[in-house]
Structure formats: C-alpha cells, structure tokens
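Listed below, chain by chain, are the residues.
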Amino acid sequence: MSEKKNTSKIASRRNFIKTGAMASSFMIVPRHVLGGVGFIAPSDQLNLAAIGAGGKGHSDIVNASVNGRERVVALCDVDFSGSAAKTVKKFPKAKLYADFREMLDKEKDIDALTISTPDHVHGPAAKYAMERNKHVYVQKPMTHNIREARMLTQMARDQKVVTQMGNQGGSNPLLDMVQKWVDSGKLGNITKVEVWTNRPVWPQGGAMPKPDPSKKPEALHWDLWLGPSKETPYIPNIHPFNWRGWWEYGTGALGDVGCHLIDIPFRTLDLMYPTAAECSVSSVYSQMWTPDYHPKGCPPSSFITLNFDATERSKAPIVMTWSDGGIRPSHPDIIPADSDIGGSGSANGVLIHGEKGIISTNINDSSPLMPKLYLNDGTTEFGPEVEDMPEPEYGHQRKWVDACKAGFGSKEHKGLTSSFDYAGPMTETVLMGNLAIRSYMLKRKSGRNEEFYGRKKLLWDGENMKITNLEDANQFVTREYRKGWEM
C-alpha cells in the first residue's frame, strides 16, 4: 500500500473513532447483534503502544487497554528479560521494539502511547510522539527538568493531542471532599502547607557506582537506556530502579512522589509557579570534619521551602515546606497525639494550615487518601479510611483513553485531572525543589577555601523560567543532551 493511501486509511479510522458514538445511534441493526454481546468493532478501538513496558509501565498499558477494549499493537522496552516479560505475555500480538523512535517511525497507525521510562527519557519520548500527533500518557514526573515541562505543555496545545500525567491520585473522587473544605472557607485564610515523605527507599546519598561493562545484562540495550544522557559505559545497579537517586537519570524523592503529594495543595489551592525556593540538605561524614560531596546524586534527605502568591482559594500568600528522608513536621496540637498525621504511621502526608484549622491527607497515589478536617472549635470531619475503587487507579488511564477517542477539546478531554495544561506547571513546581537542592551543592574556590555560593533563597521568575539572583542556578532549568536526543 502506498504511503498516501495508508495515511488516508489511518485518518479515516481515527475520524470514525471520534464520531463512532454519534454514528452508532443511526444503525438499524445493533452492533452487539452482529458481533455478540460486548463486541467492539476494530475501527472503534484505539491502537495503543507502550514506551517502557516493565514496572509501572505494565499497569499503565494494561489499564489503558481497559480489559481488552482497546488494541495494544506495539511494546517498546530496552530490556524485555525483566518485568516487561509479563507485558509481552499479556499482549502476545504486539510488535516488540527496543528503540521508541524506530517503533513510531514504523508503526504509523499508533493512536496513543503510555510512556513509563526512567525520568530522563520522559521528555524526549513524549516530544517524539507528539510531533507525530500521538496522544500521550506520561508517568510522573512529567519531565526531567523545568524547560522540558514548559515545552511539552505548549506542544500538546499546538499539536492538539490529548495528554495525561501518571499521578493517578488526581482522579481520586475523595479530592472533592478536600476541595469543598477549602472552598467553603472552613479553614479561613490558608497560609501554610507542609508536605513530607519517607522516600528515598532506594540507595541514595553516596558515590556513583563505578562503570563495569562486564556486568551488563545481555538483553539490556544500554545505549538506548542512556537516551539523552551522556555516553558512559554500563553502570551496575542503576537499571531497573536505582537510577532515581542520580541527577543524570532521576529526580530523587521529589520526582518519585512529589507529583502525588504536592498535587493535593497545588490542585485544591489553585497554585501556579512559586516565587522563591530555598533548601537545606543532610550531610554525610565518612571522615571527621569533612562532609562527603557527591553533587551527581540526590542527598539522603532534604528540607525545601517554596513561596507562592495568594490565590482566590488561599486568600493569602502560601509557604509550602517539603521534607524527605523520613523527616516529618511536628505534630499539630489540634490533632490528637495518638493519631497519625497524613497517612498510616505518619510516613507520608500533607497538612494544609488555615486560621481556623487543619486538613490532613495521605499521599495521593493509590493509597487511601484518608482526608481529615480538624477545626479549632473542636469540629472534625473524616473521609473513609478504606476506599472503594471500582476500577484500577481511579480510572486514570481509562479516562485518558476515553478522552483520546472523544478528541482534543472534548468534554472528556477537559475533564481530565492531569492533562499537561495542569501537570506542566505542577511538575515545574516539584522540580523547583530539585533546582534548589542542586544549587545548594554549587561550590567554588574562594582564596584558599571553598564556598558553597548557592545556599541562599532563590528568587524565581516563573513566566520567564529564570532565577533572578543566582545565574549559575539557571543551568538546572534544563540539561545537556546527547547528540540525536536533543529537545
């Protein structure tokens, strides 16, 4: 078939998907009579693919397929010998690829993709797909750096593709309860938010492992795994999970769960770009008086402060703090001493402080949200401790698929809880914390001594993506890209 005829065929099928619901109302014979109960015509199905088929990528593409309602035509992974193997078993008819660029160039009838790779590949993969007018579902954090998030947010609008970030808790209906508490004015003016996590739960804070090509698994395409990162021989114990603790590939504890936790106050208070960021990080001493210095990696724990202007919902400027590595806020007097704050064991959580009380919630992934309202007058209101989840991950992937079929700008599209119009600015806010951490580690010679010159409050011009009082900090707004992987 010629390229022109093939393109026409794809366009016709996509148009049929978008108009199928309307057209079906005029059919004389119901489709289920022709094809049996539950029958879905092939032309009514999306052609789905996955970039990153193991780990979280497995549940993302399985949930997007909606129990076989949609067609999975291709899977891409740099190592099908690991957890991606069960995805291959689940979709035996899908074509397999190691390079997403090859997959997208060859499989032109792909309509939409899930992207569930290490953080450093999110941006390049999403860009390559959206340039080819594919709808994309991208795991959190949406991108590895702030510039990528801004770029993809605009690209989604320009290309008119339907997008969703994989912070599935954003589709949790219990967030409506938190939103009503905020909007009703029960807290009064809200001035402070505290967010914390027990992450990292992977090796972090030490020196980067030394390369050792002799230990590379035979099935792993290491060069493709590196993607936009600088070329380096195989590094043991990085793939498939421990990459999170290294700036070249991951985004630390903030990137791992910040898009679940910070999502709650960012969404309910209608926040936008922060105006300032500052941080401190823990020190590790392997010898007396001299702290270890590993700027290539994330610290074992950090404490970050972000400042936000007042919004219609907060009524006052907001100070948000983030702490990781198991460091959590002090227990508020208004909450009984024997009660957890945030989630179970107070391991992760959010406290929203107002002049009249506090809202406490758990992490917003697929864990029970456990929303609790405590008011100074003794009034309390609690959500359920155990949630009823009738479909996987609150239908986060399924809603994206439905929006893809309805089309850009549709009611379904506008109803998504984490399209890039929302997820982009929220991801930028999460990554501002990492910009502060990396600036905190900047060091230079000063006479006979060395000084850490980035340990200050950083002022952020969000519209122009620029730190205004420390030029060297702006290097962390973006990254260097390997040739062939530029953005």
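Everything quoted here is computed from the prediction, not taken from an experiment.

Visitor: Help me understand the pattern of salt bridges in this model?
Guide: Between side chains of opposite charge, pairing is possible as soon as their charged atoms come close. Applying the stated rule across the entire model yields 29 salt bridges. The partner of Arg313 in a salt bridge is Asp183, with the nearest N and O atoms 2.8 Å apart. A residue pair is termed long-range when its members are at least 10 positions apart, and Arg313 in the loop between strand E9 (302-308) and strand E10 (318-323) and Asp183 in helix H8 (residues 175-183) qualify at 130 residues. Since its relative accessible area comes to 43%, Asp183 is described here as partly exposed.

Visitor: Would you mind going over the confidence of the model for the chain with me for this structure?
Guide: In regions of low pLDDT, the predicted coordinates are not meant to be interpreted in detail. Across the chain, the average pLDDT comes to 92, with 91% of residues at or above 70. The low-confidence segment residues 1-9, where pLDDT is below 50, has three contacts with residues more than four positions distant or belonging to other chains. Here residues 18-39 is modelled with pLDDT under 50, and outside its nearest four sequence neighbours on either side it reaches nine contacts, counting other chains as well.

Visitor: I tried to follow unusual backbone geometry on my own but got confused; where do I start?
Guide: Where the residue is not glycine, phi is negative for most of them; where a peptide bond is considered, it is trans in most cases. Following Arg199, the chain continues to Pro200 via a peptide bond in cis, the omega torsion being 10°. Of note, Pro200 is situated in the loop between strand E7 (190-196) and helix H9 (222-226). A cis geometry characterises the amide bond from His239 onward to Pro240, with omega recorded as 10°. With respect to the helices and strands, the residue Pro240 is situated in the loop between H9 and helix H10 (252-261). Positive phi outside glycine occurs at Asn133, with the angle close to 60°. Note on placement: Asn133 falls in the loop between helix H6 (119-131) and strand E5 (135-138). For Asn133, a relative accessible area of 40% translates into the label partly exposed. Positioned with a positive phi, Lys160 is a non-glycine residue whose angle comes to about 55°. Relative to the helices and strands, Lys160 resides in the loop between helix H7 (146-159) and strand E6 (163-165).

Visitor: Got a minute to help me understand H7 in this structure?
Guide: It helps to recall that an α-helix has 3.6 residues per turn; residues three or four apart then point in one direction. Along its 14 residues, H7 runs 20 Å from first to last C-alpha, staying within 8% of the 20 Å computed at 1.5 Å per residue. Every buried residue of H7 is accounted for by Ile146, Glu148, Ala149, Arg150, Leu152, Thr153, Met155 and Ala156. Between a side-chain oxygen at the N-terminus of H7 and the backbone nitrogen of Arg147 the separation is 3.3 Å; the capping residue is Asn145. Following H7 by one or two positions, Lys160 has its phi on the positive side, about 55°.

Reading the values: the criteria
Residues numbered from 1 in each chain as written. Predicted model: local features only at pLDDT ≥ 70, side-chain atom pairs only at ≥ 80, totals over all residues. Heavy atoms only, no water. Salt bridge = Lys/Arg side-chain N within 4 Å of Asp/Glu carboxyl O. Helix = DSSP H or I, 4+ residues; strand = E, 2+ residues; numbered from the N terminus. Buried < 20%, exposed > 50% of the residue type's maximum accessible area, 1.4 Å probe, protein only. pLDDT = per-residue confidence, 0-100. Contact = heavy atoms within 4.5 Å. Expected span 1.5 Å × (residues − 1). Polar contact = N/O pair within 3.5 Å; in protein donor to acceptor, adjacent residues only side chain to side chain.

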